[in-house]
Amino acid sequence: MPGGQPGPQRATERASALSEPARAYAELADGNRRFVSGAPRHPNQDAEHRAAVADGQHPFAVIVGCSDSRLAAEIIFDRGLGDLFVVRTAGHIVGPEVLGSVEYAVTVLGTPLVVVLGHDSCGAVQAARETAATGTSPGGHLRTVVDAVLPSLRRATAEGVDDIDGIVDIHIAQTVEMLLGQSPVLADAVAQGRCAVVGVSYRLAAGGVRPVTPVPAGAATLDVPAAPDGPAAPAAA
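Residues numbered from 1 in each chain as written. Predicted model: local features only at pLDDT ≥ 70, side-chain atom pairs only at ≥ 80, totals over all residues. Heavy atoms only, no water.

K.L.:
Please clarify how the packing of aromatic side chains should be interpreted in this entry.
P.N.:
Aromatic ring pairs: the centre-centre distance and the angle between the two ring planes describe each pair. Following the criterion strictly, the structure yields one aromatic pair and no others. Between F85 and Y104, the ring centres sit 6.0 Å apart and the planes meet at 40°, which makes this aromatic pair tilted. With F85 in strand β2 (residues 84–89) and Y104 in helix α5 (residues 96–108), this residue pair connects regions lying 19 residues apart in the sequence. (Phe/Tyr/Trp six-rings, centres within 6.5 Å; stacked < 30°, edge-to-face > 60°. Helix = DSSP H or I, 4+ residues; strand = E, 2+ residues; numbered from the N terminus.)

K.L.:
Sorry, what's going on with the sheet that holds strand β4 (residues 196–202) here?
P.N.:
Strand-to-strand pairing in sheets goes through backbone hydrogen bonds, with the strands running parallel or antiparallel. Taking strand neighbours across the sheet as the criterion, the five strands line up as β2-β1-β3-β4-β5 in an open arrangement whose pairing is mixed. Sheet topology places β2 and β5 (209–211) at the edges, where each strand pairs with a single neighbour. Taking each pair of neighbouring strands and ignoring which way they run, the sheet shows an average axis angle of 25°. The pairing of β4 with β5 spans three bridges and is antiparallel. Bridge assignment links S201 to a residue of β5, and that residue is R210. (Pairing = 2+ DSSP bridges. Axes fitted to C-alpha atoms, helices over the stretch in contact; angles between N-to-C directions.)

K.L.:
What should I look at first to understand the packing of helix α8 (residues 164–182) against helix α9 (residues 184–191) in this one?
P.N.:
A pair of packed helices is captured by two measures, namely the crossing angle of their axes and the spacing between those axes. Where α8 meets α9, the closest approach of the two axes is 5 Å, and the angle between their N-to-C directions is 100°. By the angle between their axes, α8 is roughly perpendicular relative to α9. The residues of α9 that touch α8, namely those facing L179, L180 and Q182, are P184, L186, A187 and V190. Looking at the contact of α8 with α9, its residues break down into six nonpolar, one polar and no charged. (Parallel < 35°, antiparallel > 145°, perpendicular 65-115°, else oblique. Contact = heavy atoms within 4.5 Å. Nonpolar A, V, L, I, M, F, W, Y, C, P; charged D, E, K, R; others polar.)

K.L.:
It is not clear to me how the pattern of salt bridges should be interpreted in this structure. Could you clarify?
P.N.:
Opposite charge on two side chains permits them to pair, given that their charged atoms come into close proximity. Evaluated as defined, the whole model comprises 13 salt bridges. Note that R203 and D165 form a salt bridge whose closest N and O atoms lie 3.6 Å from each other. Here the residue R203 occupies a position in the loop between β4 and β5, and D165 occupies one in helix α8, the gap between them amounting to 38 residues. Accessibility expressed as a relative area gives 25% for R203, which makes it partly exposed. One continuous salt-bridge network, built from bridges that share partners, spans D30, R33, R34 and D78. (Salt bridge = Lys/Arg side-chain N within 4 Å of Asp/Glu carboxyl O. Buried < 20%, exposed > 50% of the residue type's maximum accessible area, 1.4 Å probe, protein only.)

K.L.:
Just to check I follow, could you spell out the nonpolar core for this structure?
P.N.:
Counting 56 residues, the largest nonpolar core has L28, F77, L113, V114 and L179 as the members making the most contacts within it. Element by element, the count of residues in this core is highest for α8, at seven residues. (Core = buried A, V, L, I, M, F, W, Y, C linked by side-chain atoms within 4.5 Å.)

Pasting the structure below:
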C-alpha cells in the first residue's frame, strides 16, 4: 500500500537512518516540499505501520509548535504515526511541562532534532503587541501566554523590528534560546552533537516552512529544498 511500512524491522531501520540531526531536518524539509507542491505521500498512516509502532516509538523530530489549528505538524511535514513527537502551546511558549516533554523525547527516545514551529500572523504575538500598546492585559490564564511573549516583543523593539512577522521570527529565535538556556539536558545533547535545535516559521497561505535559526550542519548537502516563499536557510552553526 502506498505510504506503508512493511513491518517492525523496516520501521526500525528507518528510525536508525534518521538518527542524525541533519538527516532528520532534511526529511522534514522534503515532506514540507511535498505538502506545498500538492503531492503528499501520507507515509506511515496505514494499518500495517500502526501495528509496527504499537510496541514502541522512535520519532525523528520533536516539534515544539504553536497550538494554532492551522499548524498541524504531521500534515505540513507530510508525516505519519510514530514520526514526530509534538508539543503544542499557544505562541509555542515554554514552561516546565514543555521542557520535560522535550527532554523525554531527546534523552529517552533518542530524538535527534527539536524544531520550534511558529507561523506568520501569530495571535499570541498580536495579543502581546496589543498589551504593550494599551497597557491592558487579558484576563484569566491567557495573561500567562501574553506575559511569556512580551520579552520577545521588547527584544524586537530594541532591535528596531516593528512588523508582526519580524516579531514572530524574533519570538521563534527567543524560544530556541529559552529551550537551550533552561534545559541543561538539552544543551548538553546539542553540545555533544546528538541533537540540534532549529527555529522555523510557517506561512499560513503558502504552506511553506522557512528556517529562522541555523539549520544542522551538513543539512544543505542532503537535498534540503529552498523555502518556497522565503529566503534561503541561515548558514549552519
